[in-house]
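# Tertiary structure, described
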Amino acid sequence: MKPNYDDSRIVSDAGFTLIPLHPYDAMVSVKGKKKQAGKRPLDNKWTTKLYNNVDVPAEAETSGRNLGVRLTATQLVVDVDPRNFGLTDEAKERLQEPEIKATLDKNGKPSDATKALMGASWVEHTLDTPGNPLERLLDDCGMDLADYPRVETGSGGYHIYMAKPEALSVKDSLPKYPGIEYKSLGRQVVAPGSIHPDTGRHYVAVEDAFADFKALPEMPQKLSELIGRSRNNQNWSECARR
């Protein structure tokens with residue numbers, strides 16, 4: 001299995017910087033433990049190193065590496081991973097029942113016994129369940145997913161691309177919306193065409209949004225309110241107006 005390097009041109013042609021990642025099936029040693037490296041940058045100084053959007057994909061194709069998209073202060077990716085959405089509200093309510101609560105581990109987390117006791121009522125959110133975190137975020141911010149260029153990730157989620165004010169830094173995540181991260185300057189996401197190390201599936205840009213990568217829509221003001229954190233300690237709304 002190989003990455004589809006032609007697909008990465010969707011973002012490189014739009015002006016995004018591609019960076020080399022490890023091959024999707026690579027492993028690295030971290031504190032004596034082997035960990036998957038397919039989503040990790042190849043270079044230690046990847047945040048500041050100069051890259052060329054011609055050479056990087058050519059070298060990646062030769063070595064079978066994945067590619068990443070390095071984000072700037074004016075770019076935002078909402079990274080949606082349904083695997084981390086957590087339980088539905090109904091399942092969370094059942095966790096409070098005394099009999100079930102007694103099966104939680106010492107850290108208050110569900111154990112195998114908890115799941116067994118809950119049986120069919122143990123239901124985790126997916127993109128299809130009503131009230132899932134992405135649905136709530138879109139509703140709360142007045143967003144329509146179809147308005148934003150996006151990539152279907154190898155884990156079954158989305159990378160949703162949009163523009164943001166340069167002076168506005170953002171929070172990594174919000175407890176209200178588990179499974180969703182907000183990535184900008186100093187972060188990178190796996191590029192379309194690359195392969196997810198866990199699932200072996202390709203990251204695929206959604207076709208009806210191809211053209212929008214070249215002219216990113218602005219992030220909604222409500223989303224700015226939720227995740228904005230100005231780098232120079234100004235009020236988020238002042239930054240959003242710039």
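Owing to the predicted nature of the structure, the values given are computational and were not obtained by experimental measurement.

## Some remarks on the overall build of the chain
If you tally the helices and strands in the chain, you get eight helices and twelve strands. A compact globule built from 242 residues should have a C-alpha radius of gyration of about 18 Å, and the chain, at 20 Å, falls within 12% of that. Dimensions along the principal axes, computed over C-alpha positions, put the chain at roughly 60 × 45 × 35 Å. Relative to its full complement of 242 residues, the chain shows a buried share of 46%. Per element, the accessible surface of the chain, about 12900 Å² overall, is 46% carbon and sulfur. Between the averaged position of the 33 positive side-chain charges in the chain and that of its 35 negative side-chain charges there is a distance of 9 Å.

## Here we look at the side chain of Thr 153
Its place among the elements puts Thr 153 in the loop between β6 (150-152) and β7 (158-163). Here the side chain of Thr 153 touches Gly 157 through a polar contact of 2.9 Å, landing on its backbone nitrogen. Setting aside its immediate chain neighbours within four residues, Thr 153 contacts Val 80, Tyr 158, His 159, Arg 201, His 202 and Tyr 203.

Rules and cut-offs
- Residues numbered from 1 in each chain as written.
- Predicted model: local features only at pLDDT ≥ 70, side-chain atom pairs only at ≥ 80, totals over all residues.
- Heavy atoms only, no water.
- Helix = DSSP H or I, 4+ residues; strand = E, 2+ residues; numbered from the N terminus.
- Rg over C-alpha atoms; globule rule 2.2 N^0.38 Å.
- Buried < 20%, exposed > 50% of the residue type's maximum accessible area, 1.4 Å probe, protein only.
- Areas by Shrake-Rupley, 256 points an atom, 1.4 Å probe, with all protein chains shown as cover.
- Lys, Arg positive; Asp, Glu negative; His and termini not counted.
- Charge placed at Lys NZ, Arg CZ, Asp CG, Glu CD.
- Polar contact = N/O pair within 3.5 Å; in protein donor to acceptor, adjacent residues only side chain to side chain.
- Contact = heavy atoms within 4.5 Å.

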